[in-house]
2 protein chains.
Amino acid sequence: MDNNILIKDVLILNPMNNGEIETKKSSLLIENDKIAKIDNDIEENGISKVINGENKILMPGFINTHTHLSMTLFRSIADDLDLDSWLNDHIWPLEAKLNKEYCYIGALLGAIEMIKSGTTTFSDMYFYMDGVADAISEAGIRGILSYGMIDFGDEEKRKNEIKENVSLFKNFNNTSEGRIKVFFGPHSTYTCSQELLKESRKQATKYKTGLHIHMNETKKEIEDVLEATGKRPFEYLNDIGFLDSDVTAAHGVWLSDEEIKIIKDNDVKVSHNPCSNMKLSSGISPVSELIKNDICVSIGTDGASSNNNLDMIEEMKFASLLGKVDTLNPKVLPAKQVINMATLNGAKSLNLSNEIGKVEVGMKADLILIDMLSANLTPSTNSIISNLAYAANGSNVDTTICNGNILMENKKLTSLNEKEIYLKVNEAIENLKNS
Amino acid sequence: MDNNILIKDVLILNPMNNGEIETKKSSLLIENDKIAKIDNDIEENGISKVINGENKILMPGFINTHTHLSMTLFRSIADDLDLDSWLNDHIWPLEAKLNKEYCYIGALLGAIEMIKSGTTTFSDMYFYMDGVADAISEAGIRGILSYGMIDFGDEEKRKNEIKENVSLFKNFNNTSEGRIKVFFGPHSTYTCSQELLKESRKQATKYKTGLHIHMNETKKEIEDVLEATGKRPFEYLNDIGFLDSDVTAAHGVWLSDEEIKIIKDNDVKVSHNPCSNMKLSSGISPVSELIKNDICVSIGTDGASSNNNLDMIEEMKFASLLGKVDTLNPKVLPAKQVINMATLNGAKSLNLSNEIGKVEVGMKADLILIDMLSANLTPSTNSIISNLAYAANGSNVDTTICNGNILMENKKLTSLNEKEIYLKVNEAIENLKNS
């Protein structure tokens, strides 16, 4: 066997399709990139790596369904500002100076942060995505990459944008042992022409892949789209035939009842980004209403420049607590639900639920271990589900495995030299600011 | 010199009375329990302990102004429930079985969690406070202890409750090298008779100490107090002469304009507990309104059973982001403000601002170091203030010093055997549940 790992006597936490979380003590065998066996009695002979699972939780790696990984470079560069000033005076001028190298180093930093906090798959939308692909290839995690297409109605630009996303698909889809997939990424209904939106749908269908788009994030966006098209964003996309079950709609904050029905009817997936929505004062997504309608809601961190981290465990807590205070109902978004959103629902959103998001034989070995012998997770005998959703943070992740490879063990990265990369990132952002 | 520590070439982050945060690179000398010198050039000769401050932030330890430390034992024991069911079916039955030993081990766990996440001072209200005092004495942090007095109008009970808090004061105030102070802790306006509230004020004034009380946490509480007294809680306390600048009012969620005026006029301190208020669906405190009125607002985690952790860094992020989304104004509660709330305002609330909450010569050496070379704090060249408020969590704390003693260094506790204590806690809560 090339690569096999036995995790012995570990508490397995498995998100299920019915919304529950199954827990059982067992051992788990990884062969190559997959979970080969889950059994109390697995022979240790011939196993190249044995991990003692005592006092640890084993669960699927987190799936972050909306982020802009290279923007990790811009973490804390501009905060506590109006959205307009944040974008116009800070983010856009910096983005204008980006190149592949900057996007590579930003994405590498983001990948390290994700590995350290237990995220094994993310869905990204940005520029210079070849740089992001290089970082992901090197870091060992799984990424769904889309190029953020924007044309503002300019035909020339539109053609180039589509060309860029198609070439990203052709060059990188299914590369890096299948860890990289490519989606199409029309940025939003207010930055893309109707032609670009339609062409994006056409290409996604042609290449049998998905779509990633920002939807209904701010109140102003709704007003602008209403003015431009006479319709609310989801009504507009529905009318032009854009929507289908392969669409991840990020944010979904300002939604009418009619739009919720459209989302449901088209099986559109919603990526909930509570920290970003709170920090930028965008508003509160009616998540418990979406869930009541059986809509698949997953969780995203958005970019680190509007969060300011990529910690999916923290994001689960924000999702649950924000939903509770918004509805004044402490029962909504319980612990098991946000854990399901951050794992299995993420896999469903990205059309990867036959490969990731569960701890089952035949699935990819995208797994994390959490050390229960930690101050903030003690007692470990009350509820590990509540501990994980409400008391933990990313630093409780002890071991991260993606595609059968151990990327972090005992909180130490196995291949990347993190401190060296942090110093390189500091240098890069200073160069960018001064360029 | 008995005990001196030199922290060399460190980036000092100092909260200031004007709400700003001063940052400067310098070295800092601790002699015994105090900060003795802050200077670029401090002689290393004769120093017993030198810490290299390169790539680290030095700042005041966090001050958690409202918690119930022993309840750390109940972390994740009951979640996602209505307040009534949470209290009646879960918390109160368990509390009825508590004793000094349980409260000691719960408080010790809480103390470890605080040390690990950079909190050096907390204000507590609970039962069996001698057990809490023992834990604090052992753990080395600073605690303001109050006994939670409840009489529900019963005169006999009232006398005993007052006696209990007075005896706590006499036995423990200013003990453990001055690390323990004792306040008076009438639980709330809906669990205490007017006589108990008045007697608490009398005793606090007599012993020249402070008062710690739950105020205006839920909508139902306002309705109940209105029905019982004809007044809203702060109006009622104002009329009976309870309020003064030595009162910490925890929560302050449902406040009328008149009550905000009463708080301001009496210089009452408010402890904001965003996670607990969100998780229990109590509501959203109008914090930015309080701040606009120059009211001193600090931050508390509440007990771990309604949070579910004691991480003040996470609590700062919740405070800021909740304030922003509540007002739909991204400029309110900026990073520097929540850091000030979690340090200097905490000290002011507890009448300790001449001793803690700032990094200045003559202050107690209650200090923490944060390692900037961490994935979630990189780049460290954009804004360390934003990194701290929005990107960090308690696990980024590297070193915790209280009263001049190093309690944690390089993320390892210096004196307590943490894993052993975690296993003891697991055993204790199982015994309590089965008793």
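Conventions we followed
Residues numbered from 1 in each chain as written. Chains lettered and ligands numbered in written order. Predicted model: local features only at pLDDT ≥ 70, side-chain atom pairs only at ≥ 80, totals over all residues. Heavy atoms only, no water. Helix = DSSP H or I, 4+ residues; strand = E, 2+ residues; numbered from the N terminus. Rg over C-alpha atoms; globule rule 2.2 N^0.38 Å. Buried < 20%, exposed > 50% of the residue type's maximum accessible area, 1.4 Å probe, protein only. Areas by Shrake-Rupley, 256 points an atom, 1.4 Å probe, with all protein chains shown as cover. Lys, Arg positive; Asp, Glu negative; His and termini not counted. Charge placed at Lys NZ, Arg CZ, Asp CG, Glu CD. Axes fitted to C-alpha atoms, helices over the stretch in contact; angles between N-to-C directions. Parallel < 35°, antiparallel > 145°, perpendicular 65-115°, else oblique. Contact = heavy atoms within 4.5 Å. Nonpolar A, V, L, I, M, F, W, Y, C, P; charged D, E, K, R; others polar. Least-squares fit on C-alpha atoms with pLDDT ≥ 70 in both. Expected span 1.5 Å × (residues − 1). Polar contact = N/O pair within 3.5 Å; in protein donor to acceptor, adjacent residues only side chain to side chain. Salt bridge = Lys/Arg side-chain N within 4 Å of Asp/Glu carboxyl O. pLDDT = per-residue confidence, 0-100. Phe/Tyr/Trp six-rings, centres within 6.5 Å; stacked < 30°, edge-to-face > 60°. Lys NZ or Arg CZ within 6 Å of the ring centre and 35° of its normal. Buried area = accessible area lost by both parts, 1.4 Å probe. Pairing = 2+ DSSP bridges.

S.K.: Whenever I open this one, the overall build of chain A confuses me. Can you help?
M.R.: Within chain A one finds 15 helices and 17 strands. Taking 22 Å as the expected radius of gyration for a compact globule of 435 residues, we find that chain A reaches 21 Å, a close match to that expectation. Its C-alpha atoms give chain A principal-axis dimensions of roughly 65 × 50 × 40 Å. By the burial criterion, 66% of the 435 residues in chain A qualify as buried. For chain A, the exposed surface amounts to about 14700 Å²; the carbon and sulfur share of it is 44%. Where the 45 positive side-chain charges of chain A centre and where its 63 negative ones centre are 3 Å apart.

S.K.: Explain the packing of helix 11 (residues 312-327) of chain B against helix 14 (residues 384-391) of chain B to me, please; I cannot follow it from the model alone.
M.R.: Think of two packed helices as two axes; the pair is described by the angle between the axes and how far apart they sit. All names here are of chain B. At a minimum axis separation of 7 Å, helix 11 and helix 14 run at an interaxial angle of 90°. On the basis of their axis angle, the class for helix 11 and helix 14 is roughly perpendicular. Contact residues: Ile313, Met316, Lys317, Ser320, Leu321 and Lys324 in helix 11; Leu388, Ala389 and Tyr390 in helix 14. Looking at the contact of helix 11 with helix 14 residue by residue, the classes come out as six nonpolar, one polar and two charged.

S.K.: Can you help me understand the relation of the copies chain B and chain A in this one?
M.R.: In this structure, two copies of a chain are linked by a rotation about an axis accompanied by a shift along it. Once chain B is rotated about the relating axis by 180° and shifted along it by 0.0 Å, it coincides with chain A to within an RMSD of 0.0 Å. On the angle and the small slide along the axis, the relation comes out as a two-fold axis. Considering only C-alpha atoms, the part of chain B nearest the rotation axis is Ser395(B), at 3.2 Å.

S.K.: Any chance you could explain helix 11 (residues 312-327) of chain A here in plain terms?
M.R.: Because each turn of an α-helix spans 3.6 residues, side chains separated by three or four positions end up pointing in the same direction. Residue and element names in this part refer to chain A. Across its 16 residues, helix 11 extends 22 Å between first and last C-alpha, which sits within 8% of the 22 Å expected from 1.5 Å per residue. Within helix 11, 14 of the 16 residues are buried, which leaves the element mostly enclosed by the surrounding structure. Sitting at the head of helix 11, Asp311 places a side-chain oxygen 2.9 Å from the backbone nitrogen of Ile313.

S.K.: Would you mind going over the pattern of salt bridges with me for this structure?
M.R.: Opposite charge on two side chains makes pairing possible when the charged atoms of those side chains draw close. A complete count under the given rule lists 51 salt bridges over all chains for this structure. Its salt-bridge partner being Lys49(A), residue Glu409(A) comes within 2.9 Å of it at the nearest N-O pair. Residue Glu409(A) is located in strand 16 (residues 405-409), and its partner Lys49(A) is located in strand 4 (residues 49-52); the two are separated by 360 residues in the primary sequence. Glu409(A) sits in the partly exposed class, given a relative accessible area of 21%. Between Asp366(B) and Arg142(B) there is a salt bridge whose closest N-O contact spans 2.7 Å. Taken together, the residues span a long stretch of sequence, with Asp366(B) in the loop between helix 13 (344-349) and strand 14 (367-371) and Arg142(B) in strand 8 (residues 142-149) at a distance of 224 residues. As far as the burial class goes, Asp366(B) and Arg142(B) line up, both buried.

S.K.: Where do I start with the confidence of the model for chain A in this structure?
M.R.: Detailed reading of predicted coordinates is not advised where the pLDDT is low. A residue-level look at chain A finds 100% of positions with pLDDT of 70 or above and a mean pLDDT of 97. Taken over the whole predicted complex, pTM reads 0.98, whereas the ipTM for its chain interfaces reads 0.98.

S.K.: Just checking my understanding: could you explain the packing of aromatic side chains for this structure?
M.R.: For any pair of aromatic rings, the description rests on two quantities: the centre-to-centre distance and the angle between the ring planes. A full pass over the atoms with the stated rule returns 11 aromatic pairs over all chains. For the ring pair Phe127(B) and Tyr147(B), a centre distance of 6.4 Å and an interplane angle of 70° mean the geometry is edge-to-face. Pair noted here: Phe127(B) is in the loop between strand 7 (119-126) and helix 3 (129-139) and Tyr147(B) is in strand 8, with a separation of 20 residues, a long-range link. On the basis of relative accessible area, Phe127(B) is assigned to the partly exposed category, the value being 22%. Classification of Tyr147(B) as buried rests on a relative accessible area of 10%. One aromatic cluster is present, built from ring pairs that chain together Tyr126(A), Phe127(A) and Tyr147(A). In this arrangement the basic side chain of Lys279(B) is found over the ring face of Tyr390(A), its NZ or CZ atom lying 4.9 Å from the centre.

S.K.: In this structure, what is going on with the interface of chain B and chain A? I would like to understand it.
M.R.: Note: interface size is frequently given as the accessible area lost on complex formation between the parts. Counting from both sides, the interface comprises 68 residues of chain B and, opposite them, 69 residues of chain A. Interface area, chain B with chain A, both sides summed: about 5300 Å², of which 59% is carbon and sulfur. Summed over the shared surface of chain B and chain A, the result is eight salt bridges. Asp371(A) serves as the salt-bridge partner of Lys419(B), at 3.5 Å between the closest nitrogen and oxygen.

S.K.: Just checking my understanding: could you explain the side chain of His66(B) for this structure?
M.R.: Residues and elements named next belong to chain B. In this structure, His66 sits in strand 6 (residues 62-67). A distance of 3.3 Å separates polar atoms of two side chains, one belonging to His66 and the other to His214. Dropping the residues within four chain positions of it, His66 is found in contact with Ser123, His212, His214, Ala250, His251, Ser271, Asn273, Gly300, Thr301 and Asp302.

S.K.: Before we go on, may I ask you to explain the pairing of strand 3 (residues 34-39) of chain B in this structure?
M.R.: Sheet faces and side chains relate simply in a regular strand, where the side chains alternate between the two faces. Residue and element names in this part refer to chain B. As judged from the five bridges shared by strand 2 (residues 21-31) and strand 3, these two strands associate in the antiparallel manner. From the neighbouring strand, Ser27 faces strand 3, where its bridge partner is Asp39. In this structure, the hairpin formed by strand 2 and strand 3 is closed by a connection of two residues, where Asn32 is found at a positive phi of approximately 50°.

S.K.: Hey, could you run me through the environment of Asn309(A) in this one?
M.R.: Along the chain, Asn309(A) turns up in the loop between strand 13 (297-299) and helix 11. According to the relative accessible area criterion, Asn309(A) is buried, its value standing at 2%. For the pair Asn309(A) and Ser276(A), spaced 33 residues apart in sequence, the C-alpha to C-alpha distance is 10.0 Å. Beyond its immediate stretch of four places on either side in the chain, Asn309(A) contacts Arg75(A), Glu113(A), Thr301(A), Ala304(A), Glu314(A), Lys317(B), Tyr390(B) and Ala391(B). Side chain to side chain, Asn309(A) and Glu314(A) meet in a polar contact 3.3 Å long.

S.K.: How should I be thinking about the side chain of Glu314(B) in this particular structure?
M.R.: Among the secondary structure elements, Glu314(B) is positioned in helix 11. Residue Glu314(B) is classed as buried on the basis of its relative accessible area, which comes to 1%. Look past the residues within four positions of Glu314(B) in its chain and what remains in contact with it is Lys317(A), Ala392(A), Cys275(B), Asn307(B) and Asn309(B).

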